[in-house]
Amino acid sequence: MPFKDECGVFGISNQQEAAKQAYLGLYALQHRGQEATGICARENGHLRLHKAQGYVADVFSESVLESLPGDTAIGHTRYSTHGGSLSSAAQPFLVHGRFGQLALCHNGNLLNTESFRNRLLINGHTFASPSDSEVIIALINTAKADTLESAVEEVLQQIRGAFSLLILSEKQLIAARDPHGLRPLAMAKLDDDSIVFASESCAFDLLGADYTREVEAGEMIVLGPDGLQSRFPTKKRGAKPCVFEHVYFARPDSLVFSRNVMATRREMGRHLALQHPVDADIVVPVPDSGVHAALGYAEQSGIRFEFGMIRNHYVGRTFIEPKQSIRSFGVKVKLNPVRDLLKGKRVVLIDDSIVRGTTSKKIVGMVRGVGAAEVHMRISSPPTTHSCFYGIDTPTREHLIASHKSKDEIRDFIGADSLDFLSMEGLQKAMGDMAGQGFCYACFNGDYPVPVEQTNFAC
Ligand code: AMP
């Protein structure tokens, strides 16, 4: 099974204590990756890097941040689910190459690096990890072009797939987004002359930076001694940003693809209520992923919203289970149903998506277990029928319950009294995408904007 990673990237120029600002930005992007993190900072043309496995707050102490002086920095949070933890895959990557020191971090998955990697290996190149991001750096260093900007342009014309990239050199900070703009990357201004880049705008808010715009699909922005230059090295192919960022992945307070995530989720909930009403007593979200859609559902339907399940926010990645195993322990330790609210009630349970179906089954079981009279599951996106190859972690197709079970079979599997999903049309309306052409919906309809032949390990 290939690696599929979700990640967060952050960059800042022209700002005192850039590494500390990057630390704050990454802190806000922690939800995009909890496996590893790193910052590379530049002082007078010299780059220094610190990266390790763990949370941002654990990896960076005051003294570590002081060892990263300078006024420009890039950083990364990395998430990986398959293949275990690989410390060698933490980003940014830093190398000494043809263009001097060069650091790179990447969010997304590339689809055509295998042949490049093999060619580079035959030519004696070595890699520290299986990451595609390292292949990008190697391609830059072996490009025909003789300036860094042109070499990056050359490579952007060769690689295919999803990428939001930040590259730090001795003189430049370069940001680039793939021709379809599959993964997010936004820009902000801090003070008079500092430019900030981040996967999501929640990172700007913590710094007090003002959101200016998205890095456009296919755009490459160079911040260097000559100021800011914007270029489009590849042919325009039509933006297809990832709808799943809005459905599940991004933070609700973020602007992603110039849209507020919370507002979109609420719209999804409203359309869900219009399409699939239920006679019920309370609307209950699966926290946190279902909260805003549930608010929209409650507003539209007039049914009372209740936090009928409480999430423990302090659950780490692993926990010790007693020898005598407890049923559904993994879910129970995170979510607890509120018996007094749910007992005897007809409940509409709202979540953003059903992937394997196993969590939903356990949650429905827990709500019934405390005495709910009826449990009606409503999902604020269409059935997830296809895997993502562009950087959202989804299991292979055979593990996606909706790829091989009908709606009624899924309802029976999760044990709900009824089950319904938001339609594609409803999702497109909630996204303000009336023509249905403005986003990548591949996980729901199999319509992949970049042909998928193979996938590699990337971020
Ligand atoms: P499942 O039991 O596999 O159907 O899990 C469904 C739950 O996983 C829902 O609560 C979603 O919010 C959540 N979810 C959806 N996509 C992802 C993802 N890519 N990574 C982690 N959790 C996800």
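**Details of the environment of Gly 75**
Within the secondary structure layout, Gly 75 lies in strand E4 (residues 72-78). Expressed as a C-alpha distance, the spacing of Gly 75 and Leu 341, which sit 266 residues apart in the sequence, is 44 Å. When sequence neighbours within four positions are dropped, the list of residues in contact with Gly 75 reads Gly 8, Val 9, Phe 10, Leu 26, Gly 38, Ile 39, Pro 92 and Cys 105.

**Structural notes on the sheet that holds strand E20 (residues 346-351)**
One open sheet accounts for five strands, arranged E17-E16-E20-E21-E22; its pairing is parallel. Each edge of the open sheet is held by one strand with a lone partner, namely strand E17 (304-305) and strand E22 (418-421). As paired strands, E20 and strand E21 (residues 374-379) are joined by six bridges and run parallel to one another. Each residue of the ladder has a partner; that of Arg 346, found in E21, is Glu 374.

**Describing the nonpolar core**
Core analysis: the biggest nonpolar cluster contains 40 residues, and Val 283, Tyr 297, Val 348, Ile 350, Tyr 390 and Leu 427 have the highest contact counts within it. Of all the secondary structure elements, the ones that give two or more residues to this core are helix H8 (243-249), helix H9 (261-275), helix H10 (291-301), E20, helix H16 (424-430) and helix H17 (442-445). Composition of this core by domain shows at least three residues from each of domain 1 (8-239) and domain 2 (261-456). Beyond its immediate chain neighbours, meaning those up to four positions away, Ile 350 contacts Leu 272, Val 283, Val 284, Pro 285, Val 286, Gly 290, Ala 293, Ala 294, Tyr 297 and Arg 378. Membership of the second largest hydrophobic core comes to 29 residues, among which are Phe 99, Phe 116, Ile 136 and Ile 140.

**Considerations on the side chain of Glu 245**
When you line up the elements, Glu 245 lands in helix H8. There is a polar contact of 3.0 Å between the side chain of Glu 245 and the side chain of Arg 183. Discounting residues that sit within four places of it in the chain, Glu 245 has contacts with Arg 32, Arg 183, Pro 184, Glu 200, Ala 250, Val 256, Phe 257, Val 261 and Arg 265.

**Considerations on the domain arrangement of the protein chain**
Each assigned domain of the protein chain is listed with its residue range as follows: domain 1 (8-239) and domain 2 (261-456). Listed by partner, the interface residues are 22 residues for domain 1 and 16 residues for domain 2. Interface area for domain 1 against domain 2, summed over the two sides, is near 1600 Å², with a carbon-plus-sulfur share of 45%. The interface formed by domain 1 and domain 2 includes zero salt bridges. Among the residues forming the side of domain 1 that touches domain 2, the class breakdown is seven nonpolar, ten polar and five charged.

**Regarding the site of the ligand**
Near the ligand, the surroundings consist of 17 residues, among which Asp 351, Asp 352, Val 355, Arg 356 and Thr 359 are the closest. A distance of 3.0 Å is found between a nitrogen atom of the ligand and a side-chain nitrogen or oxygen belonging to Tyr 248. Arg 356 places a polar main-chain atom, nitrogen or oxygen, 2.7 Å from an oxygen atom of the ligand. Summarising the interface, the protein chains cover 85% of the accessible area of the ligand, which totals 510 Å² for the free molecule.

**Details of the packing of H9 against H10**
For any two helices packed against each other, one specifies the crossing angle of their axes together with the interaxial distance. Taken N-terminus to C-terminus, the directions of H9 and H10 make an angle of 45°; their axes are 6 Å apart at the nearest point. With respect to each other, H9 and H10 are oriented oblique. Crossing angle aside, the handedness with which H9 passes H10 is right-handed. Across the interface between the two elements, Met 262, Arg 265, Arg 266, Gly 269, Arg 270, Leu 272, Ala 273 and Leu 274 from H9 touch His 292, Ala 293, Leu 295, Gly 296, Tyr 297, Glu 299, Gln 300 and Ser 301 from H10. Residue composition of the contact of H9 with H10, by class: seven nonpolar, five polar and four charged.

Scoring rules and cut-offs
Residues numbered from 1 in each chain as written. Predicted model: local features only at pLDDT ≥ 70, side-chain atom pairs only at ≥ 80, totals over all residues. Heavy atoms only, no water. Helix = DSSP H or I, 4+ residues; strand = E, 2+ residues; numbered from the N terminus. Contact = heavy atoms within 4.5 Å. Pairing = 2+ DSSP bridges. Core = buried A, V, L, I, M, F, W, Y, C linked by side-chain atoms within 4.5 Å. Buried < 20%, exposed > 50% of the residue type's maximum accessible area, 1.4 Å probe, protein only. Domains from an automatic or database assignment. Polar contact = N/O pair within 3.5 Å; in protein donor to acceptor, adjacent residues only side chain to side chain. Buried area = accessible area lost by both parts, 1.4 Å probe. Salt bridge = Lys/Arg side-chain N within 4 Å of Asp/Glu carboxyl O. Nonpolar A, V, L, I, M, F, W, Y, C, P; charged D, E, K, R; others polar. Near = heavy atom within 4 Å. Areas by Shrake-Rupley, 256 points an atom, 1.4 Å probe, with all protein chains shown as cover. Axes fitted to C-alpha atoms, helices over the stretch in contact; angles between N-to-C directions. Parallel < 35°, antiparallel > 145°, perpendicular 65-115°, else oblique. Left-handed = near helix turned anticlockwise from the far one by under 90°.

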